[in-house]
Amino acid sequence: MSWRSERIWIELITGSRKTSNFCWAFILFLGSLGFLLVGTSSYLGRNLISLFPSQQIIFFPQGIVMSFYGIAGLFISSYLWCTIFWNVGSGYDRFDRKEGIVCVFRWGFPGKNRRIFLRLLMKDIQSIRIAVKEDIYARRILVLYMEIRGQGAIPLTRTDDNLTPREIEQKAAELAYFLRVPIEVF
């Protein structure tokens, strides 16, 4: 989502509050809770879950392993719920042609670096770069970067945005035209 006028362009960045993250956190929570309940019921010798009679699962070693997987899953699930609650990765990119300033803001994890805020001068922007990356499935993903003089490249899109090559090219062209900088393709 973005907002644009003649002099200001604001691009809102979605963070970890995505439908897929909610689904994975919920599925992981329920699955790990099931593992923990089966391990606990094998330890107590009672049927806490009616689907699995405790006599079929011996506590040592199956019940211990099930309990371990349940506890590990609850930790991972709580991590996912925390990133969703804190909305890690969300923020905005603001390009102000009137002031000649670019602001990049992102929310991080709680602590010293919770707020990540970069303020750059537009005259330091060398180019808008489109880079091709490959993920673990050998799919090609296009990522948009802003090349800054003396500071390297700042990513403007996420690798999981799933934008088509045409959308990335159009976004890069519009942004390069707005900032009056060239486009590089790698």
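The model shown is predicted, which means the values in this text are computed figures rather than measured ones.

Cut-off values and rules
- Residues numbered from 1 in each chain as written.
- Predicted model: local features only at pLDDT ≥ 70, side-chain atom pairs only at ≥ 80, totals over all residues.
- Heavy atoms only, no water.
- Salt bridge = Lys/Arg side-chain N within 4 Å of Asp/Glu carboxyl O.
- Helix = DSSP H or I, 4+ residues; strand = E, 2+ residues; numbered from the N terminus.
- Buried < 20%, exposed > 50% of the residue type's maximum accessible area, 1.4 Å probe, protein only.
- Patch = residues over 30% accessible without salt bridge, like charges linked within 9 Å, V, L, I, M, F, W, Y side chains within 5 Å.
- Areas by Shrake-Rupley, 256 points an atom, 1.4 Å probe, with all protein chains shown as cover.
- Disulfide = S-S within 2.5 Å.
- Polar contact = N/O pair within 3.5 Å; in protein donor to acceptor, adjacent residues only side chain to side chain.
- Contact = heavy atoms within 4.5 Å.
- Pairing = 2+ DSSP bridges.

Another aspect to go through is the pattern of salt bridges. Pairing is possible between side chains that carry opposite charge, provided their charged atoms lie close to one another. A complete count under the given rule lists 6 salt bridges for this structure. The salt bridge involving D93 is made with R106; its shortest N-O contact spans 2.9 Å. Taken together, the residues span a long stretch of sequence, with D93 in strand β3 (residues 91-96) and R106 in strand β4 (residues 101-107) at a distance of 13 residues. Like R106, D93 is buried. R149 is the salt-bridge partner of D124, the closest N and O atoms lying 3.9 Å from each other. Placement of D124 in the loop between β5 (115-121) and β6 (125-134) and of R149 in the loop between β7 (140-148) and β8 (152-155) is noted, with a sequence separation of 25 residues between them. Classification of D124 by relative accessible area gives partly exposed; the value is 26%. A residue is classified by how much of its surface remains accessible, and R149, at 46% relative accessible area, is partly exposed.

On the surface, a nonpolar cluster with roughly 1,200 Å² of combined accessible area is contributed by F22, W24, F26, I27, F29, L30, L33, L37, Y43, L44, L48 and W81. The element contributing the most residues to the nonpolar patch is helix α1 (residues 19-44), with 10 residues. The topology assignment puts L48 in the loop between α1 and α2 (59-86). Looking at L48, the relative accessible area reads 41%, which means it is partly exposed.

Take the state of the cysteines next. Within this structure, the stated rule accounts for 0 disulfides. In this structure C23 is not part of a disulfide, and its nearest cysteine sulfur, from C82, lies 18 Å away. We classify C82 as partly exposed; its relative accessible area is 31%.

Below, the discussion takes up the side chain of E11. Structurally, E11 is set in strand β2 (residues 8-13). Of the residues examined, E11 reaches a relative accessible area of 11% and is grouped as buried. A polar side-chain atom of E11 sits 3.1 Å from a polar atom in the side chain of W9. For E11, the residues in contact, after removing those within four places along its chain, are M1, S2, G91, Y92, D93 and K171.

Moving on, we get to the pairing of β7. Counted residue by residue, β7 has 7 buried out of 9 residues, so it is predominantly covered. Relative to β7, β6 is paired through 9 bridges, and the arrangement is antiparallel. When the sheet's bridge partners are listed, I128 is paired in β7 with M146. The antiparallel hairpin formed by β6 and β7 contains 5 residues in its connecting segment, where A138 sits at a positive phi of about 65°. Bridge count between β7 and β8: 4 bridges; the pairing is antiparallel. Across the sheet, residue M146 finds its bridge partner in β8, namely I154. Two successive antiparallel strands, β7 and β8, enclose a turn made up of 3 residues, where G150 displays a positive phi of approximately 80°.

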